[in-house]
Amino acid sequence: MKFRIILTHTFFIFITTIVHAAKQRSWLGPNNMISGTSPSARAMTSFASAGNELYIFGGYDAADQNDFYKFEPIKLSWTSLTSVVRGDVPHARDSHGIEAYGGSLFLFGGYYGPGGHGDLFLLDLSALAWSDATSRAAGDRPP
């Protein structure tokens, strides 16, 4: 079985050959080699890459979520950071944007049940601490 990871500045491209194991009557591929607890299957989530790691926040899986995960492609390993992060954790949401910049993740907007969010949160990746940056952001905020 071949499995190769190509790393670029912001994208992780997985190239794989999936093999059918006749004796086990199962398919073998990247999921059989990935360790840790992955996020539930979901829609309308966002992820950002920082260094050699991918970060995923929230999304929708029968309800909006505010859980937080890290994936390390080099180790093929998931880690839940939900119970580790501290500070002003963003409310559950889907359809939000998240971007890495200068050792931080910036999360903007999204949707939760009754309406949309227009807030801005910052996560310091070294301290794993969220802060609500909505009132500190200068300029006109998108609606």
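The preceding data block contains the structure.
An account of the accompanying structure is given in this report. (Residues numbered from 1 in each chain as written. Predicted model: local features only at pLDDT ≥ 70, side-chain atom pairs only at ≥ 80, totals over all residues. Heavy atoms only, no water.)

**Describing the environment of Thr134**
Alright, step 1. Tracing the backbone through its elements, the reader meets Thr134 in the segment after strand S13 (129–132).
Alright, step 2. Of the residues examined, Thr134 reaches a relative accessible area of 21% and is grouped as partly exposed.
Alright, step 3. Spatially, the C-alpha atom of Thr134 lies 6.8 Å from that of Phe121, the residues being 13 residues apart in sequence.
Alright, step 4. A distance of 2.9 Å separates the side chain of Thr134 from the backbone nitrogen of Leu120, its partner in a polar contact.
Alright, step 5. Only 2.6 Å separates the side chain of Thr134 from the side chain of Asp132, close enough to count as a polar contact. (Helix = DSSP H or I, 4+ residues; strand = E, 2+ residues; numbered from the N terminus. Buried < 20%, exposed > 50% of the residue type's maximum accessible area, 1.4 Å probe, protein only. Polar contact = N/O pair within 3.5 Å; in protein donor to acceptor, adjacent residues only side chain to side chain.)

**Notes on the sheet that holds strand S9 (residues 86–87)**
Alright, step 1. If you trace the 5 strands from one edge of the open sheet to the other, you get S9-S13-S12-S11-S10, paired in mixed fashion. Two strands lie at the open edges of the sheet, namely S9 and strand S10 (97–101), each paired on one side alone.
Alright, step 2. Bridge analysis of strand S11 (residues 104–112) against strand S12 (residues 115–124) gives 8 bridges, and the strand direction is antiparallel. Paired with Phe108 across the bridge in S12 is Leu120. (Pairing = 2+ DSSP bridges.)

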